[in-house]
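Read off the chains here:
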Amino acid sequence: MIKNLILSDYWKVIGLDKIDSTNNYLHDHANKLSDSIFTVVNADFQISGKGQRGNYWESSPQKNLLFSVLCRPAFLPANMQFYLSQIISLSIKETLDTFTK
């Protein structure tokens with residue numbers, strides 16, 4: 001089951017019960033998701049998650065944060081797009097800190 005949520009004109013969130021990989025989903029559907037700047041795909045269970053350097057892993061149901069983000073930052077010049085990655089990473093860390101303290 002897919003649970004879609006439009007947060008604004010810029011964000012789309014797609015929730016999946018089970019998927020091989022949220023990254024694969026974004027890769028396979030990227031052309032259909034061009035109406036949002038940010039698209040987040042999250043899943044309750046992932047059977048073939050992609051890690052760094054070609055590593056794969058399987059998650060336990062509802063035990064991990066399983067998501068991938070597709071970002072099309074046409075609003076930023078290419079030489080500034082790394083700042084967006086830094087902002088998003090720090091925002092995730094700060095949000096997780098509120099749940100772990």
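Look up: the structure comes first, before these words.
In this text, all values refer to a predicted model and were calculated from it rather than measured experimentally. (Residues numbered from 1 in each chain as written. Predicted model: local features only at pLDDT ≥ 70, side-chain atom pairs only at ≥ 80, totals over all residues. Heavy atoms only, no water.)

Visitor: I keep staring at the overall build of the chain and nothing clicks. Help me out?
Guide: Along the chain, the regular secondary structure elements total 2 helices and 6 strands. Reading the chain from its N end, one meets helices and strands in the order β-β-α-β-β-β-β-α. Projected onto the principal axes, the alpha-carbon positions of the chain cover approximately 40 × 35 × 30 Å. For the chain, the residues scored as buried account for 28% of the 101 residues in total. Contacts in the chain between residues far apart in sequence, at least 24 positions, make up 55% of those at least 6 positions apart. When the accessible area of the chain is evaluated, it comes to approximately 7,400 Å², of which 55% is carbon and sulfur surface. (Helix = DSSP H or I, 4+ residues; strand = E, 2+ residues; numbered from the N terminus. Buried < 20%, exposed > 50% of the residue type's maximum accessible area, 1.4 Å probe, protein only. Contact = heavy atoms within 4.5 Å. Areas by Shrake-Rupley, 256 points an atom, 1.4 Å probe, with all protein chains shown as cover.)

Visitor: Even after reading the chapter, I still don't get the side chain of Ser68, so can you show me in this structure?
Guide: The topology assignment puts Ser68 in strand S6 (residues 67-71). Among the polar contacts listed, one links the side chain of Ser68 to the side chain of Thr22, at a separation of 2.6 Å. Once residues within four sequence positions are removed from consideration, Ser68 is found in contact with Thr22, Asn23, Leu26, Thr39, Val40 and Val41. (Polar contact = N/O pair within 3.5 Å; in protein donor to acceptor, adjacent residues only side chain to side chain.)

Visitor: Would you explain the pairing of strand S3 (residues 38-46) in this entry?
Guide: Here S3 lies mainly inside the structure; 7 of its 9 residues are buried. Bridging between strand S2 (residues 11-19) and S3 involves 8 bridges; their strand directions are parallel. Of the residues in S3, the one forming a bridge with Ile19 is Gln46. A crossover links S2 with its parallel partner S3, the connecting element being helix H1 (residues 22-29), and its sense is right-handed. Pairing of S3 with S6 involves 5 bridges; the strand directions are antiparallel. When the sheet's bridge partners are listed, Thr39 is paired in S6 with Leu70. (Pairing = 2+ DSSP bridges. Right-handed = clockwise from strand over helix to strand, strands pointing away.)

Visitor: It is not clear to me how the layout of surface pockets should be interpreted in this structure. Could you clarify?
Guide: Any empty space left between the atoms is revealed when a probe the size of a water molecule rolls over them. The calculated volume of the largest pocket comes to roughly 170 Å³. Sorting elements by how many residues they give to the lining of the largest pocket places helix H2 (residues 81-100) first, with 6 residues. When grouped by side-chain class, the residues that make up the lining of the largest pocket number 6 nonpolar, 2 polar and no charged. (1 Å grid on protein atoms, 1.4 Å probe; cavity = no way out; pocket = protein on both sides within 12 Å on 5 of 7 lines; lining within 4 Å. Points joined across faces, edges and corners; volume = space filled by probe spheres on them. Nonpolar A, V, L, I, M, F, W, Y, C, P; charged D, E, K, R; others polar.)

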